[in-house]
Structure formats: C-alpha cells, structure tokens
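Architecture and fold: a report
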Amino acid sequence: MDNITLLKYFLIMIAAPIWVPFMKELWRELQLAMREDGGLFAPVPDPKKRREIHAALAKEPSPQIHILKGHLGARSAAPQGTRAAVQPGPQLGQRGRRTLGR
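Keep in mind it's a predicted model, so treat the numbers as computed, not measured.

1. Things to note about the overall build of the protein chain
Along its length, the protein chain carries three helices and zero strands. Here the protein chain holds 102 residues, and 7% of them are scored as buried.

Right, here's the structure in full:
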C-alpha cells in the first residue's frame, strides 16, 4: 500500500465517530420501516404476526416531528381587492415608468 491509501483509511477511522452513529440510526430506521414485510433479510410474516405488527404500529407515536408555523400561511395586511403600490426598480426606471423602448 502506498501512503495515499493509508491516509484514506486513517481519515475514515478518524471520522468514524461521525458516520457510525448515522449509519446505525439509518439501519434501525430501515428495519422499522420494513418490519411489516419481515425486515430486510427476514421472511415475510404470516397473517397473525402481521396483525400483531399492525397493532404495535397503531400504539406507537409517529417518529416524525410536525411543528405548525402560523406565520407561513399569513397573508399581508392589505385589504382584499386593493393592489400594492408598484415600487420603482431597475426594470421600470426611477419614476415607475419605462424609460426605454417606447
């Protein structure tokens, strides 16, 4: 082995505290998602076992986090039917009208 290969293996070992827990959690999440079908390598469960799995799934809280953010659905304070004033910008010129192309 040359020095570059040894350096690569060394960096993978040093970074293990970061990626090993991530991979373990990913594996656990995959097994939980596939437990109704028997997991990744296990055989398909019989109907009785499947009903038990469904009952256990119904009792568990959802692992997904949902936080309502009320400000995202809020509309502007302008009354209905009124239009907002056009702000001058580089497309319309300084006074809000087209300066070129007339």
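2. Digging into the layout of surface pockets
Put simply, the largest pocket is a space of about 170 Å³. The greatest single-element share of the lining of the largest pocket, amounting to four residues, is contributed by helix α2 (residues 16-33). A per-class count over the lining of the largest pocket returns five nonpolar, no polar and four charged.

3. Section: the pattern of salt bridges
Scanning all chains against the criterion turns up two salt bridges. Between Glu25 and Arg28 there is a salt bridge, with the nearest N and O atoms lying 2.6 Å from each other. Note that Glu25 and Arg28 are positioned in helix α2 at a spacing of three residues, about one turn of the helix. Judged by relative accessible area, Glu25 falls into the partly exposed class, the value being 39%. In this structure, the salt-bridge partner of Glu60 is Arg35, at a minimum N-O distance of 2.9 Å. Residue Glu60 is found in the segment after α3 (47-59), and its partner Arg35 is found in the loop between α2 and α3; the two are separated by 25 residues along the sequence. Overall, the relative accessible area of 22% leaves Arg35 in the partly exposed class.

4. Some remarks on a nonpolar patch on the surface
On the surface, Met1, Leu6, Tyr9, Ile12, Trp19, Val20, Phe22, Met23 and Leu26 cluster together into a nonpolar patch covering about 960 Å² of accessible area. Among the elements of the structure, α1 (3-14) and α2 are those that each provide at least two residues to the nonpolar patch. By residue number, the principal contributor to the nonpolar patch is α2, which donates five residues. By secondary structure assignment, the location of Val20 is in helix α2.

5. Focus: the confidence of the model for the protein chain
Averaged over all residues, the pLDDT of the protein chain is 78; the fraction at 70 or higher stands at 69%. Of all the helices and strands in the protein chain, α3 carries the lowest mean pLDDT, 90, while α1 carries the highest, 94.

6. Structural notes on the packing of α1 against α2
Interhelical geometry of α1 versus α2 gives an angle of 60° and a closest axis separation of 5 Å. Each of Ile12, Met13 and Ile14 in α1 lies in contact with α2, whose residues at this interface are Ala16, Pro17 and Trp19. Residues that form the contact of α1 with α2 fall into these classes: six nonpolar, no polar and no charged.

Cut-offs and rules
Residues numbered from 1 in each chain as written. Predicted model: local features only at pLDDT ≥ 70, side-chain atom pairs only at ≥ 80, totals over all residues. Heavy atoms only, no water. Helix = DSSP H or I, 4+ residues; strand = E, 2+ residues; numbered from the N terminus. Buried < 20%, exposed > 50% of the residue type's maximum accessible area, 1.4 Å probe, protein only. 1 Å grid on protein atoms, 1.4 Å probe; cavity = no way out; pocket = protein on both sides within 12 Å on 5 of 7 lines; lining within 4 Å. Points joined across faces, edges and corners; volume = space filled by probe spheres on them. Nonpolar A, V, L, I, M, F, W, Y, C, P; charged D, E, K, R; others polar. Salt bridge = Lys/Arg side-chain N within 4 Å of Asp/Glu carboxyl O. Patch = residues over 30% accessible without salt bridge, like charges linked within 9 Å, V, L, I, M, F, W, Y side chains within 5 Å. Areas by Shrake-Rupley, 256 points an atom, 1.4 Å probe, with all protein chains shown as cover. pLDDT = per-residue confidence, 0-100. Axes fitted to C-alpha atoms, helices over the stretch in contact; angles between N-to-C directions. Contact = heavy atoms within 4.5 Å.

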